[in-house]
Each structure stands twice: as C-alpha cells, then as structure tokens.
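Results of the structural survey
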Amino acid sequence: MFMQNEAIEWGVRSTGAPTRSRLQCGHLLVELSRGPDEICLASKCLSDEEIREGIPAEAPVQWTNWTVCTGSHDVRLLPGLPDLPVLARQDPVFEVPPGGEEKVFVSIPVTVFVQVNERGGEILAEFPTAALPKVKFGEPDKAEPCFLLADPPRKAALRDLDGAMVQAPILIRNDSREVLRVTQICLRVAHLSIYRAGKSLWASETLVRYQGGENPSRISVKSGVPAEAGGAALIAGPRAGGPATLVGRTFRSFRQWTRSAAHCF
C-alpha cells in the first residue's frame, strides 16, 4: 500500500485531521503524526526512483518526538535558508571593472522549518531539502565553513523556479581601482528574509561592495521585496536578527592569493 504525498504548502497546518500525513518538497519528505498533546515528525530524502514510484506507507523512517505543552495540534511550516553561508563557484568567470556593478542570482535549496503555531512558537525541527557538501572559505586562521551550491550564479533570474529552491539576488559593486575577477561568491544568508510570488521563493537582495586586494567586502542586505519579484509577499523573516550590515570575504579566500582553492572537509 502506498501513501499519497502532498505538495508542501507554507503556513499553518492542523495535525488534527488526518492524524498522519506526508508532505513533499523537492526530494524531501516530511511526515507529521499526532498523539495526545504530542506532535511526531519524521523526514526522509527521496531518491529519483522513489519520487517516480512512490514509497510504501509503512516504509521505516527515523522518528523524533516532541511534547507540545500548549495542547495545540497546529504547526506552522515555513521556508528557511541553511545555517551556514553558501559558496557558489562562478562558471564562466566574469569581470567587474572599477566603478562598475553586476547583478547575479544564486539558487539555494530551501530548508523546511516546523514551528509551533503560537506567538514566539518553538521551532520543532528544520529539514534541509538537499544535502550540500561543506567547504572552508577565508583566511587560514578565520576560515568559515560553508555549504557548496551545486549550480553557479546566473546573470538572469529564473522564472517559475522549483518551490524547493530560493532565488537570491546579489548586486556586486566594485569600489576599488582594480578589475574584480569573479571566480566564486560566498553569500552569508543568516540576515536574508524570504518572499513568495506564486510558488516561487525569493531571498532579500544582498549588496556587496568590493574594496580591492585582500580587503574584506562591505556587505548589506536591502530591505523589502527584490525588484525582480514584483508582487511577492514576505513569508519568513531572517534566521538571525540585528543589523544586516557587515564586512567579510566574498570573492577571494586567502588561499587564492597563495594559489590554492577552497577545499572540502
């Protein structure tokens, strides 16, 4: 017997009926079940074959249990971004002249957040829709762990993007006196909000000001809906609060000046 998977819908979901349901987002399957004052959650990464053929209703999954003290059987499903910066390797490489600017777009696999549906509700779990490899980026003594994205940045936004991906615009501005050769981009996603236009998800636009040489870039997050996502509505706030302005390496790690690329670990 095969259990029908529902496409995930963002927002409030009652676990009152049915008592067990399976929600799919890309290759991620999330199962919700309830008991007396208890919500049970499970997740599974589906293979291409399982997406085509389906999986049996009794297929084993790794269960984790939480007791919901409020007695509520409602949860909120929200899209989120990874808990680390993401690194996108540029192919083909492009250049930004001094004083020039260029906008690119990266596609980031969404993370599914399950939250108790009340003000300040507890996050019960977060489930990434894709397993991304980790790399290190930056100076040897300050190297940041990042997730390596499968696809390079693009010069044009995608239309009708898969609902399991978030499209993040990045505006690159070269404030230096040298040509910036873009071979990779490290995007810090903790301060990005998520907006929805139809079934497409968009992240806040990031402005990166390149300062030249070994100087870190100046990074800020623009408020409001990205220009390319006209009519989109805010659906989820950023993972981290506080000022969305910082400095950090974005295009070049220290290893690049010593002729060594970012590496997996």
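Everything here concerns the structure above.
All values reported here derive from a predicted model rather than from experimental measurement. Sequence positions are assigned chain by chain, starting from 1 and proceeding in written order. In keeping with the model being predicted, local features are shown solely for residues with a pLDDT of at least 70 and side-chain atom pairs are shown and tallied solely at 80 or more, while totals for entire chains, interfaces and linings include all residues. Values reported for side chains reflect all heavy atoms of the structure, with hydrogen atoms and water molecules removed beforehand.

Some details on the overall build of the protein chain
To keep things clear, this is the line we draw: Secondary structure elements are taken from DSSP: a helix is a run of H or I of four residues or more, a strand is a run of E of two residues or more, and numbering for both begins at the N terminus. The classification of residues rests on relative accessible area computed with a 1.4 Å probe and restricted to protein chains. Under 20% of the type maximum is buried, over 50% is exposed, and intermediate values are partly exposed. We call two residues in contact whenever any of their non-hydrogen atoms come within 4.5 Å of each other.
When its secondary structure is counted, the protein chain shows two helices and 21 strands. Residues classed as buried in the protein chain amount to 47% of the 265 residues present. The long-range fraction of contacts in the protein chain, counting pairs at least 24 apart against all pairs at least 6 apart in sequence, stands at 72%.

What about the packing of aromatic side chains?
We describe a pair of aromatic rings using the distance from one ring centre to the other and the angle between the two ring planes. Quick note on the threshold: Only the six-membered ring of Trp is used, alongside the rings of Phe and Tyr, when aromatic pairs are assigned; centres must lie within 6.5 Å, and planes under 30 degrees apart are stacked while those over 60 apart are edge-to-face, with the rest tilted. Two conditions define a charge sitting above a ring: the NZ of Lys or the CZ of Arg must be within 6 Å of the ring centre, and it must be within 35 degrees of the ring normal.
Across all of its chains, the model carries zero aromatic pairs by this definition. It is Lys155 that lies over the ring of Phe94; its NZ or CZ is 4.5 Å from the centre.

Structural notes on the environment of Ala232
Along the chain, Ala232 falls in the loop between β19 (217–221) and β20 (233–236). Taking the C-alpha atoms as reference points, Ala232 and Ile194, separated by 38 residues in sequence, lie 9.5 Å from one another. When residues no more than four places from it in sequence are discounted, the contact partners of Ala232 are Tyr195, Arg196, Ala197 and Val225.

Quick word on the pattern of salt bridges
Put simply, the rule reads: Each salt bridge in this description consists of a side-chain nitrogen of Lys or Arg and a carboxyl oxygen of Asp or Glu lying within 4 Å of one another.
A full pass over the atoms with the stated rule returns eleven salt bridges. Taking the shortest distance from any N to any O, the salt bridge between Arg13 and Glu6 comes out at 2.9 Å. With relative accessibility at 32%, the residue Glu6 sits in the partly exposed group. Each of Lys103, Glu205, Lys222 and Glu228 takes part in salt bridges that share partners, so that together they form one network.

A closer look at the nonpolar core
Burial of nonpolar side chains together is a common tendency in soluble globular proteins. Going by this rule: What is meant by a nonpolar core is a set of buried Ala, Val, Leu, Ile, Met, Phe, Trp, Tyr and Cys residues, joined one to another through side-chain atoms within 4.5 Å.
By size, the foremost hydrophobic cluster in this structure holds 51 residues, and its most contacted members are Trp10, Ile108, Ile172 and Leu187. Not counting chain neighbours up to four residues away, the residues in contact with Trp10 comprise Cys25, Leu77, Leu78, Pro79, Val110, Val112, Gly163, Arg196, Leu201 and Ile235.

A closer look at the pairing of β19
Selection rule: Paired strands, as defined in this entry, are two strands with at least two bridges between them according to DSSP.
What you see with β19 is a clean split: Ser217, Ile219 and Val221 sit on the buried side and Arg218 and Ser220 on the side with no burial. Across four bridges, strand β18 (residues 206–210) lies against β19 in antiparallel orientation. Paired with Val208 across the bridge in β19 is Ile219. Linking two consecutive strands that pair antiparallel, namely β18 and β19, is a turn of six residues; a positive phi of about 95° is found at Gly212 within it. Alignment of β19 against strand β21 (residues 245–248), held across four bridges, turns out to be antiparallel.

A short note on the sheet that holds strand β12 (residues 134–137)
Filter applied, for reference: Fitting a line to C-alpha atoms yields each axis, with helices limited to the stretch in contact; the angle taken between N-to-C directions then spans 0 to 180 degrees.
Strands sit in the order β12-β13-β8-β15 across an open sheet of four strands; the sheet is mixed. Each edge of the sheet is formed by a strand with only one pairing partner; in this case those strands are β12 and β15 (180–187). Geometrically, the sheet is characterised by an average inter-axis angle of 45° between neighbouring strands, direction not taken into account. By the bridge criterion, seven bridges tie strand β8 (residues 86–96) to β15 in an arrangement that is antiparallel. Bridging across to β15, Val86 finds its partner in Leu187.

A few points about the pairing of strand β11 (residues 123–128)
Taken together, the five bridges between strand β10 (residues 111–116) and β11 define a ladder with antiparallel strand orientation. By the bridge assignment, Thr111 is partnered in β11 with Pro128.

What to know about the environment of Pro85
Looking at where Pro85 falls in the secondary structure, it is placed in the loop between β7 (74–80) and β8. On a C-alpha basis, the gap between Pro85 and Lys134 in space is 10.0 Å, while along the polypeptide they are 49 residues apart. Beyond its immediate stretch of four places on either side in the chain, Pro85 contacts Glu144, Pro145, Cys146, Phe147, Cys186, Leu187 and Arg188.

Focus: the environment of Cys146
Looking at the secondary structure, you find Cys146 in strand β13 (residues 144–148). Since its relative accessible area comes to 0%, Cys146 is described here as buried. With 59 residues separating them along the chain, Cys146 and Leu87 place their C-alpha atoms 6.2 Å apart. When sequence neighbours within four positions are dropped, the list of residues in contact with Cys146 reads Leu84, Pro85, Leu87, Pro133, Lys134, Val135, Phe137 and Cys186.

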